[in-house]
Amino acid sequence: MVSRKLFPGPLPEISTDRLLLKLPDSGQAPLMVDFRSSNRTFLEPWEPRRPVEFYSNAYWRLQLQRQQRDYRNGTSLCLALMPPDESRIVGVCNYTNIVRGTFQACHLGYALDERLQGQGLMFEALTAANRFVFSELGLNRIMANYLPRNTRSGQLLERLGFVVEGHARRLLQINGRWEDHVLTALLNPAND
Ligand SMILES: CC(C)(COP(=O)(O)OP(=O)(O)OC[C@H]1O[C@@H](n2cnc3c(N)ncnc32)[C@H](O)[C@@H]1OP(=O)(O)O)[C@@H](O)C(=O)NCCC(=O)NCCS
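A closer look at the overall build of the protein
If you tally the helices and strands in the protein, you get five helices and eight strands. What you see in the protein, going N to C, is helices and strands ordered as β-β-α-α-α-β-β-β-α-β-α-β-β. Taken along its principal axes, the extent of the C-alpha atoms in the protein is 40 × 40 × 35 Å. Scored against the burial criterion, the 192 residues of the protein give a buried share of 26%.

Pasting the structure below:
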């Protein structure tokens, strides 16, 4: 049986120079709807096809509740990137598929507001969040996969220290098509 680690305490809040990273409350669903709606066209080529409900408050109220529950159950850490005053959501970084036992690993996905690209914000967020995943969740491996044509994502991962481990054929269904991906991973330096 795969062991699980539970996190009953307060939900994590990670502060960086410019951002606050946290699991939003369900009352903050409208902020997520704004982020998703204003970046709908921008994110379409890089993500799975989204149902129409994905752009509704009702969907995000439930989804944010689920994300908090999944964090407490130890299966994911889905963080929103916000300015410190929490006036809006400018991005997300999602650590999902957390598996314990002999694996101690997860997958990472992320997206940033189109208008805020090129300022190092995702690098800043992931530097802090990866550190949290290693030191507080104690995972050994964070895996991130990207489309070969997604050069911005590949460069970001390389700068963060992720190492290419291979290529997977038809790994994920992106925007309606099964797509090959580059496989990368970052390892917990404490286990070196
Ligand atoms: C992938 C994505 C998050 C990258 O965003 P980004 O802003 O390029 O990422 P970074 O935070 O690493 O910023 C790097 C850029 O900021 C610049 N920058 C400015 N100040 C910086 C700082 N203090 N530190 C680091 N970079 C800085 C860098 O020079 C670089 O700019 P350039 O690409 O024009 O050379 C974004 O393009 C995105 O959301 N894409 C769509 C979704 C997606 O692809 N998700 C991943 C699927 S695998």
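Now that the structure has been shown, the text picks up again.
A closer look at the nonpolar core
Membership of the largest hydrophobic core comes to 40 residues, with the highest contact counts inside it found for Leu 79, Leu 81, Ile 89, Cys 93, Ala 125 and Ile 142. The set of elements that each furnish at least two residues to this core consists of α1 (29-38), α3 (57-72), β3 (77-82), β4 (91-99), β5 (105-112), α4 (121-135), β6 (141-146) and β8 (177-187).

Quick look at the environment of Leu 62
By secondary structure assignment, the location of Leu 62 is in helix α3. Residues Leu 62 and Ala 128 lie 66 residues apart in sequence; the distance between their C-alpha atoms is 27 Å.

Focus on the site of the ligand
Around the ligand, the surrounding shell holds 17 residues, and the nearest of these are Trp 46, Leu 112, Gly 120, Met 122 and Phe 123. Counting residues per element, the ones that place at least two in the shell around the ligand are β5, α4 and α5 (151-160). When the residues that make up the shell around the ligand are grouped by side-chain class, the tally is 10 nonpolar, six polar and one charged.

Quick notes on the sheet that holds strand β7 (residues 163-174)
If you walk across this open sheet you meet the eight strands as β1-β2-β3-β4-β5-β6-β8-β7, and the pairing is mixed. Two strands lie at the open edges of the sheet, namely β1 (13-15) and β7, each paired on one side alone. Within the sheet, the average angular offset between the axes of one strand and its neighbour, ignoring direction, is 25°. Bridging between β5 and β6 involves three bridges; their strand directions are parallel. In the sheet register, Ala 105 faces β6, and the bridge partner there is Arg 141.

About the thresholds
- Residues numbered from 1 in each chain as written.
- Predicted model: local features only at pLDDT ≥ 70, side-chain atom pairs only at ≥ 80, totals over all residues.
- Helix = DSSP H or I, 4+ residues; strand = E, 2+ residues; numbered from the N terminus.
- Buried ≥ 20, exposed ≤ 12 C-beta atoms within 10 Å, placed from the backbone.
- Core = buried A, V, L, I, M, F, W, Y, C linked by C-beta atoms within 7 Å.
- Near = placed C-beta within 6 Å.
- Nonpolar A, V, L, I, M, F, W, Y, C, P; charged D, E, K, R; others polar.
- Pairing = 2+ DSSP bridges.
- Axes fitted to C-alpha atoms, helices over the stretch in contact; angles between N-to-C directions.

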